[in-house]
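Breakdown of the fold
Chain by chain, the residues:
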Amino acid sequence: MEKSKRLFLKSKRSFRRRLPPIQSGDRIDYKNMGLISRFISEQGKILSRRVNRLTLKQQRLITIAIKQARILSSLPFLNNEKKQFEKNESTVRTTTLKKKKNRN
């Protein structure tokens, strides 16, 4: 082989194969909150199949289970804990400002 062609060949490096995220004994169900919560982001969004390393069938089942859990109120649709805290702080500040203005 010529030197120019050798540069473009990928090196065969060994890599450690990751374990699949869902074992064969795990049931994908809306009741299995420990399993479902691994596939949801901090904001409450369903993570993509590429991020989860799931097969197409597994991703579909996970998505259906998450949606069922949301409808049954086991999971929130959105996770807005920080935003609610910020809103509460701002309302406290505005009420204290109004009280100070009334005193003058």
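Remember, predicted model here, so these are calculated numbers, not experimental data.

The subject of this paragraph is the side chain of D29. Examined against the element boundaries, D29 turns out to sit in the loop between α1 (3-6) and α2 (33-36). This buried residue, D29, is left without a salt bridge; R27 holds the nearest opposite charge, at 4.2 Å. Not counting the four nearest positions on each side in its chain, D29 is found in contact with I36 and A65.

Quick look at a nonpolar patch on the surface now. Judged by side-chain polarity, I71, L72, F77 and L78 come together as a nonpolar surface patch covering roughly 470 Å² of accessible area. Topologically, L72 is positioned in the loop between α4 (56-71) and α5 (81-103).

This part takes up the environment of Y30. Structurally, Y30 is set in the loop between α1 and α2. Put simply, Y30 and I62 are 32 residues apart on the chain and 8.4 Å apart in space, counted from C-alpha to C-alpha. Apart from residues no more than four positions distant in its own chain, Y30 is found in contact with I36, A65, Q68, A69 and L72.

What follows concerns unusual backbone geometry. The residue R53 is not glycine, and still its phi comes out positive at about 60°. Within the secondary structure layout, R53 lies in the loop between α3 (49-52) and α4. At S73, a residue that is not glycine, the phi angle is positive and equals roughly 65°. Among the structural elements, S73 can be located in the loop between α4 and α5. By relative accessible area, which is 65% here, S73 ends up exposed.

Conventions adopted
Residues numbered from 1 in each chain as written. Predicted model: local features only at pLDDT ≥ 70, side-chain atom pairs only at ≥ 80, totals over all residues. Heavy atoms only, no water. Helix = DSSP H or I, 4+ residues; strand = E, 2+ residues; numbered from the N terminus. Buried < 20%, exposed > 50% of the residue type's maximum accessible area, 1.4 Å probe, protein only. Lys, Arg positive; Asp, Glu negative; His and termini not counted. Salt bridge = Lys/Arg side-chain N within 4 Å of Asp/Glu carboxyl O. Contact = heavy atoms within 4.5 Å. Patch = residues over 30% accessible without salt bridge, like charges linked within 9 Å, V, L, I, M, F, W, Y side chains within 5 Å. Areas by Shrake-Rupley, 256 points an atom, 1.4 Å probe, with all protein chains shown as cover.

It is worth stressing that arrangement in space is one thing and function is another; only the former is reported here.
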